[in-house]
Amino acid sequence: MGRLPPESTQQAVGYPSLFLLVALGALVPVVPTGAVVSSAAVVAFHQTTPFSLLFVFLVASSAAFLGDVGLYWLGQRGTRSRNGSRWLAALRDRAAPDRIEQAQRKLDEHGVMVLVLSRLVPAGRIPVMLACLLSGMPLRRFVRGDIPACLAWAATYQLIGILGGSLFDEPWKGVVVAVALTVAISGAPALWRRVRRAPRSGSSGSSDSPGPSDSAGQNSPGPSDSPGSSGQHA
């Protein structure tokens, strides 16, 4: 258990697969591309072939860049079209309005350098890309900011893979650790937002509902409405 195919087979299958998965994950933001890059880095870390890690970095960053540019181009077509496009609608569905507004403010303050941070922050890429689309940023300017963003993203997740691969002699164990780390990093912001929203919803619900004393005071008959009082007036 834990034996991998020969390194020549790994490279012949692994690099094209890495490119396709990362590019597809950039176009359709449902593929966990960070976990894919970290897993590939674990395998490359245990290879004896020189420059294996460099090839993983180059393949991952170039695939992420091409996927981002392709998605931005499709989004631009949606903003120019009178009826929109399914790509632009899909992007809007994956980003909350408040996060888009926040991304627009950051874009106004810091420019295209926000793209670098958006690639490193989990679930931050789509809101910033939508902010760029809504502000009418040209594709050429988006490309200038996306190049360092993709390089930083690939280096970060490759370092996670190297960390996982250095902990174990068997590559499959390092892959498990790397995938677990990337999933935890990706899910932490969403979990934190849910935890922050829970007390607010609970407090607002308790303040709006009437208390037992209020409902009892409204529904219970007063002294003038009792049968005894009507008898006295008769």
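Report follows, based on the coordinates. (Residues numbered from 1 in each chain as written. Predicted model: local features only at pLDDT ≥ 70, side-chain atom pairs only at ≥ 80, totals over all residues. Heavy atoms only, no water.)

### Section: the packing of aromatic side chains
All chains considered together, the criterion is met by three aromatic pairs. When the centroid spacing of 6.0 Å and the interplanar angle of 85° are considered together, the rings of Tyr15 and Phe55 count as edge-to-face. One end of the pair, Tyr15, is in helix H1 (residues 7-27); the other, Phe55, is in helix H3 (residues 52-80), and 40 residues separate them in sequence. Judged by relative accessible area, which is 18%, Tyr15 ranks as buried. Given the relative accessible area of 37%, Phe55 is considered partly exposed. The ring of Trp153 carries the charged tip of Arg119 above its face, separated from the ring centre by 4.8 Å. (Phe/Tyr/Trp six-rings, centres within 6.5 Å; stacked < 30°, edge-to-face > 60°. Helix = DSSP H or I, 4+ residues; strand = E, 2+ residues; numbered from the N terminus. Buried < 20%, exposed > 50% of the residue type's maximum accessible area, 1.4 Å probe, protein only. Lys NZ or Arg CZ within 6 Å of the ring centre and 35° of its normal.)

### Describing the packing of H3 against helix H8 (residues 139-167)
Between H3 and H8, the least distance of the axes is 8 Å, while the angle of their chain directions is 140°. Considering only the axes of H3 and H8, their crossing is right-handed. Of H8, the residues touching H3 (which contributes Leu53, Leu54, Val56, Phe57, Ala60, Ser61, Ala64, Phe65, Asp68, Val69, Tyr72 and Gln76) are Leu139, Phe142, Val143, Asp146, Ile147, Cys150, Leu151, Trp153, Ala154, Ala155, Gln158 and Ile162. Split by residue class, the contact of H3 with H8 holds 19 nonpolar, three polar and two charged. (Axes fitted to C-alpha atoms, helices over the stretch in contact; angles between N-to-C directions. Left-handed = near helix turned anticlockwise from the far one by under 90°. Contact = heavy atoms within 4.5 Å. Nonpolar A, V, L, I, M, F, W, Y, C, P; charged D, E, K, R; others polar.)

Remember that the coordinates give geometry; whether it matters functionally is a separate question.
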